[in-house]
Every structure is written in structure tokens, then in C-alpha cells.
Amino acid sequence: MLLASVLVLAASLLLGGTDSTIAASWRALFSAADTPMHAIVWELRVPRSVAAYGVGGLLALSGCLMQILVRNPLADPYTLGLSGGAAVGALGAMLAGAGALAVAAGAAGGALFACVAVFVLAHRDLLSRQRAAHRDDSTDLILIGVMLAAGLGAIVSMMLVLAPDKNLRGMLFWMMGDLSGVANWSLPVLALLACVLLVAPLGRQLNLLMRGEESASALGVRPPVVKAAIFVIASVATAIAVTTAGTVGFVGLVVPHALRRLVGNDQRVLIPACALGGGIVVTFADTLARVVADPIQLPVGAVMAVIGVPTFMFLLVHRR
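Conventions adopted
- Counting restarts for each chain, with residues numbered from 1 along the sequence as it is written.
- This being a predicted model, a pLDDT of at least 70 is required before a residue's local features are given, and a value of 80 or more before pairs of side-chain atoms are given or counted; all residues contribute to the totals for chains, interfaces and linings.
- With hydrogens and water stripped out, all remaining heavy atoms of the structure feed into the side-chain values.
- The secondary structure listing takes helices from DSSP runs of H or I that are at least 4 residues long and strands from runs of E that are at least 2 residues long, numbered from the N terminus.
- Here the radius of gyration uses the C-alpha set of atoms, whereas the globule reference equals 2.2 Å times the residue count to the power 0.38.
- Partly exposed residues are those whose accessible area sits between 20% and 50% of the maximum for their type, while under 20% is buried and over 50% is exposed, using a 1.4 Å probe and protein chains only.
- By definition, residues are in contact when any of their heavy atoms lie within 4.5 Å.
- Note on areas: these come from Shrake-Rupley sampling with a 1.4 Å probe, and a residue is covered only by the protein chains present in the view.
- Residues counted as positive are Lys and Arg, residues counted as negative are Asp and Glu, and His and the chain ends are not counted.
- Charge coordinates come from a single atom per side chain, which is NZ of Lys, CZ of Arg, CG of Asp or CD of Glu.
- Pairs were defined over the aromatic rings of Phe, Tyr and Trp, the Trp ring being its six-membered one, requiring ring centres within 6.5 Å. Orientation was assigned from the angle between planes: stacked under 30 degrees, edge-to-face over 60, tilted for the rest.
- When a carboxyl oxygen of Asp or Glu is within 4 Å of a side-chain nitrogen of Lys or Arg, the pair counts as a salt bridge.
- Comment: axis = line fitted to C-alpha atoms, over the contacting stretch for helices; angle = value between 0 and 180 degrees taken between N-to-C directions.
- Between 65 and 115 degrees an angle is taken as roughly perpendicular, under 35 as roughly parallel, over 145 as roughly antiparallel, and anywhere else as oblique.
- By convention, the crossing between two helices is left-handed when the near helix turns anticlockwise from the far helix through less than a right angle, and right-handed when the turn is clockwise.
- Charged residues are taken to be Asp, Glu, Lys and Arg, nonpolar residues to be Ala, Val, Leu, Ile, Met, Phe, Trp, Tyr, Cys and Pro, and polar residues to be all remaining types, Gly included.

Caption draft 1: A look at the overall build of the protein. Scanning the protein from terminus to terminus reveals 15 helices and zero strands. Here the C-alpha radius of gyration of the protein, 20 Å, is about what a compact globule of 320 residues would show, namely 20 Å. Here the protein holds 320 residues, and 50% of them are scored as buried. The long-range share in the protein, meaning contacts at least 24 apart out of those at least 6 apart in sequence, stands at 74%. Total accessible area computed for the protein in this model is approximately 15,000 Å², and 70% of it derives from carbon and sulfur atoms. Here the protein holds 20 positive side-chain charges and 15 negative ones, and the gap between their average locations is 8 Å.

Laid out in C-alpha cells, this is it:
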């Protein structure tokens, strides 16, 4: 998967529009000459490709952790309503006519609000030892997230209706996932590395937690602490991904399901595999978004949905 990551990133850097050949991109990649192609490769393609890889890895990692946390195969990074919170914050900044930095700050603030709201409402579910044996707290967590997402989605719809025409196109592109204006392309990759380093030592405890909280407790695991840790890590990872690229769906749902078929369900292997696999998938989708309809650039979220829906249906049909 590391080799596949290198190949996909290389293809993303070398492939462009009809007026950009692979040979010209290759020369610009390793040349210090101040040419238009050099600027295109280093100032446009490199930041976008690296950001796409980091965003994909964060979303897939978050999806894997969310499926462990709520013990539901339909869980993905947007189960907690983080995308809705980020959308409200980002679209509010766009309506105010703010710049790219303010839009990113608004998205981060909205995602943080959603994260804190869900955490506060589900606080006892995550940290109480007494309730674990009496009711399924994972169901409560899903319900809280779904209802919060529905409310925030209604606010987003009203904001789109009230938006002036000059702002509407940019708002819709952000809603569908857009990497064309990445401001801080190193943040998603650094965040992905930090999340993997934080989660990797918990692999054995996550394997035991999947067998049930009572069994995990009997084997020395502290389920409330582990659940709170993966909740925070998954929420922060999703918030950074959404802040960087907008709404990119299906990554956190499809990638963990697909990789379980390939590497098994051992979280010590599956978690780093999801970090790599998510990066590969989103980088591939972003490359298609740039070159398929050149010179028009498609939203990467829409391309990811076109890829994700048939892939997920294929996985369901061929489920063993």
C-alpha cells in the first residue's frame, strides 16, 4: 500500500489537462527553472495532491474508529454531525463575504461545536461505567449524531436559499468537496501521522473492545477511557479533513469495509491500512476530478460518490 501510495501521488503530479504532457510535468517536477509548468506542478498540483492524501487518510481512519466506537457497520465520520457543523460555519463565513482563511476557521469552529455538543450530550454514555451493562450506549451516540446532523442540515438548506447568486456557486462547490483552494496542505498529512501514532498503541485494546465491553473489562481494558480517546481522535481527524476539503463522503464508509476483506479485522493492521487506503482513494478521485472534464474541475466529493456507491454495493452483494 505504501508503493501504491507513491504511484498514485506520482500520477496525480504528472497528469494534467490536454495542454500538459507527462514528460513536461516530469521535467518541471525535477527542474529548478522558473517556468509556467514548474509553477503549475509545485504551486498547484503538489499542495492539492498532498492535501487530498491527508484528507482521505483522516476520513478513512475516522470511519474505522467510528465503526468500533458505535459497533455499527454503517457508521462513518459524518455520523456525529461534524460535516453539518462545519458546513454551517463555512457557509456562514461565505455569506459574510469572508476570505479563504475565515472560511476555514468557520468550518473548524462549526465542526468543533458539533463535536462538543455530541460529547456533552453523550458524556455519561462515554464515561459512565454503570450504564454500560444495562443499555447500548452506542445506539444513543448514533441517534444524537443523526439528529444533530438533521438539524444542521436544515440550517444549511436555509442558508443556501438565502444566499445571493454571486456566493451560491462557491458554497455549492464547498458542500460537494473541493480541493482547488487548499490553504494549508501540510496540516492534513501531519494530522494523519499524529492520529496513526496515537491510535496504533491502542490496537490490542480496540480488538478486545469489539468483542464487547464486559469481555474487554475482564481482560484489563478500561472501555470508557478507550471509547473517549477514539471519540476525540476521530472527531478531530474529521474536523481537520472537512475544514480542508469540505464534504467528501463515502471514504470513511467504503474504505474500512473494503480493507477488512483484504487484511482482516485486526485493528493493529486495519488502522494503518485505512490511513493509507483512504489517501490512495481520495488522491485518485481528485486526479479524476481534475482531468476528466478538463478544463472544468469537478468537485472531488461528487467524483468520490460516483466511485463509492457502486463499490459499496459490490461489497454488499459479495459479502461472505
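Caption draft 2: Geometry of the packing of aromatic side chains. Enumeration according to the criterion identifies one aromatic pair in this entry. Residues W26 and F30 carry aromatic rings whose centres are separated by 4.7 Å and whose planes lie at 55 degrees to one another, so their mutual orientation is tilted. Of this pair, W26 and F30 are both found in helix 2 (residues 22-30), four residues apart, which corresponds to roughly one turn of the helix. Taking the relative accessible area as the measure of exposure, W26 reaches 48% and is therefore partly exposed. F30 sits in the exposed class, given a relative accessible area of 60%.

Caption draft 3: Up close: the pattern of salt bridges. Scanning the model with the defined rule gives two salt bridges in all. Of the charged contacts in the structure, one is a salt bridge between D286 and R48, with a shortest N-O distance of 2.9 Å. Of this pair, D286 sits in helix 14 (residues 267-291) while R48 sits in helix 3 (residues 36-70), and the two are 238 residues apart along the sequence. The pair D286 / R48 is uniform in exposure class, with both members buried. Among the salt bridges present, the one from R268 reaches D266, with a minimum N-O distance of 2.9 Å. Its relative accessible area of 53% is what places R268 among the exposed residues.

Caption draft 4: Quick peek at the side chain of T238. Take T238: it is sitting in helix 12 (residues 223-245). Overall, T238 belongs to the buried group, its relative accessible area being 1%. Once residues within four sequence positions are removed from consideration, T238 is found in contact with S62, P77, Y78 and L82.

Caption draft 5: Fine view of the packing of helix 14 against helix 15 (residues 300-317). Look at helix 14 against helix 15: their axes get within 9 Å of each other, and the N-to-C directions meet at 115 degrees. Regarding the angle of helix 14 to helix 15, the classification is roughly perpendicular. The handedness of the crossing between helix 14 and helix 15 is right-handed. Residues V281, V282, F284, A285, D286, L288 and A289 of helix 14 form the contact with helix 15, whose own contacting residues are V300, V303, M304 and I307. Considering only residue class, the contact of helix 14 with helix 15 consists of ten nonpolar, no polar and one charged.

Caption draft 6: Just the packing of helix 1 (residues 2-14) against helix 14, in detail. Between helix 1 and helix 14, the least distance of the axes is 9 Å, while the angle of their chain directions is 20 degrees. When the axis of helix 1 is compared with that of helix 14, the two are roughly parallel. Here helix 1 and helix 14 pass one another in a crossing that is left-handed. Contacts between helix 1 and helix 14 involve L2, A4, S5, V8, L9, A11 and S12 on the former and, on the latter, L276, I280, T283, F284, T287 and R290. Here the contact of helix 1 with helix 14 is built from residues that sort into eight nonpolar, four polar and one charged.

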